[in-house]
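# Observations on chain architecture
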Amino acid sequence: MIELIFLGIGVGVLSGFFGIGGGTILVPLLLLLGHEIKDAIGISVVQMVFSSVYGSYLNNKKGTLDVPLVFTIGIGGFVGALLSGFFTSVFSDLTLEIIFLVFAVFALSRLFFKTKVDVVQKEVNRAVLFLIGLFLGLLSMLIGVGGSIILVPILVGFLHVDLKKAVSAGLFFVVFSSVSGLISHAISREIDFFSGVIIGLASLAGVYVGILLKDRVDSAVHKKLLVGFYLLIVIYLVQRIFF
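Below you will find a few notes about this structure. (Residues numbered from 1 in each chain as written. Predicted model: local features only at pLDDT ≥ 70, side-chain atom pairs only at ≥ 80, totals over all residues. Heavy atoms only, no water.)

### A closer look at the overall build of the chain
Check the secondary structure of the chain and you find 11 helices and zero strands. Starting at the N terminus and ending at the C terminus, the chain contains elements arranged as α-α-α-α-α-α-α-α-α-α-α. Relative to its length of 243 residues, the chain is compact, with a C-alpha radius of gyration of 16 Å against a globular reference of 18 Å. In terms of overall dimensions, the chain has a C-alpha envelope of 45 × 35 × 35 Å along the principal axes. Here the chain holds 243 residues, and 56% of them are scored as buried. Of the accessible surface of the chain, which amounts to about 10400 Å², a share of 71% is contributed by carbon and sulfur atoms. Side chains of the chain give 16 positive and 13 negative charges; the mean places of these two sets differ by 11 Å. (Helix = DSSP H or I, 4+ residues; strand = E, 2+ residues; numbered from the N terminus. Rg over C-alpha atoms; globule rule 2.2 N^0.38 Å. Buried < 20%, exposed > 50% of the residue type's maximum accessible area, 1.4 Å probe, protein only. Areas by Shrake-Rupley, 256 points an atom, 1.4 Å probe, with all protein chains shown as cover. Lys, Arg positive; Asp, Glu negative; His and termini not counted. Charge placed at Lys NZ, Arg CZ, Asp CG, Glu CD.)

See the structure below:
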C-alpha cells in the first residue's frame, strides 16, 4: 500500500509538470516492479482518469487550458480509445513494448529537433484535429498512456502552440482517452482496480505540486526537462527490450 501511494505521488508530480496522464512513467515503473505489461497498462489507465481530470481542472482555473482546441481532438481520442481494449488482447507483450518505444522515440525527436519557441500558432481544420485524436486515442490506450506523449510534440512542433498551453492541452486530452480506454479495457479483460485507484488517489497531491512547478518554470527550461524525461524513458525501454 505504501509503495503504491509513493508511486502515485511521484507519477502525479510528473503528470502535472509534463502534461502526461502518468502512463508514460507508470507503465515502465510497474514493469520494473515485476508486473506484466498488460496488468501495468490496466492499472495505468485507471490512474490516468484521476490525474487528468484533476489536473485539467487546475489548469483551467489558471487559464492555461485552451478547451476549444483540444475538445475536437479529445472527441476523436474518445472514439479511438474505445477500440483499444480489443487490440491490447490481440497483441503480444513484446509487440506492445515495441509500440511504446516507437511512441517515445517519435515524441523525443519532435521535441529535440523541431520545436521552436514564440512562433505564431497555426489554425487547423476540425476534421484533421478529430483524425489526430482518433489515431492517438487508439494507439495510446493500446499501450497504457494517455496520448499526450505524442500530442504535446504535435501541438508544439507542427501547430506551434505555446509549450505550457500544449502541456495543459495534453493532460486535458487524457481525460477523453483514459475514460474511454477504461471502459474498453474493463469490457475486454480484468483490471487491477484496487492498485489503480490507490495510485490514482495518491497522484492527486502530486498533480497539484507538478502544475505549480510547471507554471513557475521558464518555457526553455521546461522544454529541456521534457526532452530529458522522454530520453530516460527511451533508454529504459531499449534496455528492457533488447538487452
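### Some thoughts on the packing of aromatic side chains
According to the stated counting rule, one finds four aromatic pairs in the structure shown. On the numbers, 5.7 Å between centres and 80° between planes, the contact of Phe 71 with Phe 176 is edge-to-face. Within this pair, whereas Phe 71 is found in helix H4 (residues 67-82), its partner Phe 176 is found in helix H9 (residues 163-188), the two being separated by 105 residues in sequence. Taking the centre distance of 5.3 Å and the plane angle of 85° together, the rings of Phe 172 and Phe 176 count as edge-to-face. Separated by four residues within a single helix, Phe 172 and Phe 176 lie in helix H9, roughly one turn from each other. Residue classification places Phe 172 among the buried residues on the basis of a relative accessible area of 14%. (Phe/Tyr/Trp six-rings, centres within 6.5 Å; stacked < 30°, edge-to-face > 60°.)

### Here's the deal with a nonpolar patch on the surface
On the surface, Met 1, Ile 2, Ile 5, Phe 6, Ile 9 and Phe 194 cluster together to form a nonpolar patch covering roughly 640 Å² of accessible area. Top contributing element to the nonpolar patch by residue count: helix H1 (residues 2-18), with four residues. Turning to its location among the elements, Phe 6 is positioned in helix H1. Since its relative accessible area comes to 60%, Phe 6 is described here as exposed. (Patch = residues over 30% accessible without salt bridge, like charges linked within 9 Å, V, L, I, M, F, W, Y side chains within 5 Å. Salt bridge = Lys/Arg side-chain N within 4 Å of Asp/Glu carboxyl O.)

### Some points on the side chain of Lys 214
As for its position among the elements, Lys 214 is in helix H10 (residues 193-216). A distance of 2.8 Å separates a polar atom in the side chain of Lys 214 from a polar atom in the side chain of Asn 59. Leaving out residues up to four positions away in the same chain, Lys 214 has contacts with Gly 16, Phe 17, Asn 59, Thr 64, Lys 164, Val 167, Ser 168 and His 222. (Polar contact = N/O pair within 3.5 Å; in protein donor to acceptor, adjacent residues only side chain to side chain. Contact = heavy atoms within 4.5 Å.)

### A short note on the pattern of salt bridges
Enumeration according to the criterion identifies two salt bridges in this entry. The salt bridge partner of Lys 62 is Asp 215, with a shortest N-O separation of 4.0 Å. Placement of the pair is Lys 62 in helix H3 (residues 37-62) and Asp 215 in helix H10, with a sequence separation of 153 residues. Between Asp 215 and Lys 214 there is a salt bridge, with its nearest N and O atoms 3.6 Å apart. Residue classification places Asp 215 among the partly exposed positions, given a relative accessible area of 29%. One continuous salt-bridge network, built from bridges that share partners, spans Lys 62, Lys 214 and Asp 215.

### Structural notes on the environment of Val 46
Relative to the helices and strands, Val 46 resides in helix H3. Exposure remark for Val 46: the relative accessible area of 3% places this residue in the buried category. Separated by 133 residues in sequence, Val 46 and Val 179 place their C-alpha atoms 8.3 Å apart. Once you skip the residues sitting within four places of it in the chain, Val 46 turns out to touch Leu 182, Ile 191, Phe 193, Gly 196 and Val 197.

### Focus: H1
The α-helix advances 3.6 residues per turn, and as a result positions three or four apart in sequence lie on the same side. For H1, with 17 residues, the first-to-last C-alpha span of 24 Å sits near the 24 Å given by 1.5 Å per residue. Taken together, the buried positions of H1 are occupied by Leu 4, Leu 7, Gly 8, Val 11, Gly 12, Ser 15, Gly 16, Phe 17 and Phe 18. Looking at the buried positions of H1, the neighbouring elements they touch are helix H2 (23-32), H3, H9, H10 and helix H11 (219-242). With its phi angle positive at about 75°, Gly 19 sits one or two positions after the end of H1. (Expected span 1.5 Å × (residues − 1).)

### With respect to the packing of H4 against H9
Relative orientation and spacing of two packed helices are given, respectively, by the angle between their axes and the distance between those axes. At a minimum axis distance of 8 Å, the contact between H4 and H9 shows a crossing angle of 20°. In this view, H4 runs roughly parallel relative to H9, as classed from their interaxial angle. You can see that H4 and H9 cross each other, and the crossing is right-handed. Contact residues: H4 offers Val 67, Val 70, Phe 71, Ile 73, Gly 74, Ile 75, Gly 77, Phe 78, Ala 81 and Leu 82, while H9 offers Ala 169, Phe 172, Phe 173, Phe 176, Ser 177, Val 179, Ser 180, Gly 181, Ile 183 and Ser 184. (Axes fitted to C-alpha atoms, helices over the stretch in contact; angles between N-to-C directions. Parallel < 35°, antiparallel > 145°, perpendicular 65-115°, else oblique. Left-handed = near helix turned anticlockwise from the far one by under 90°.)

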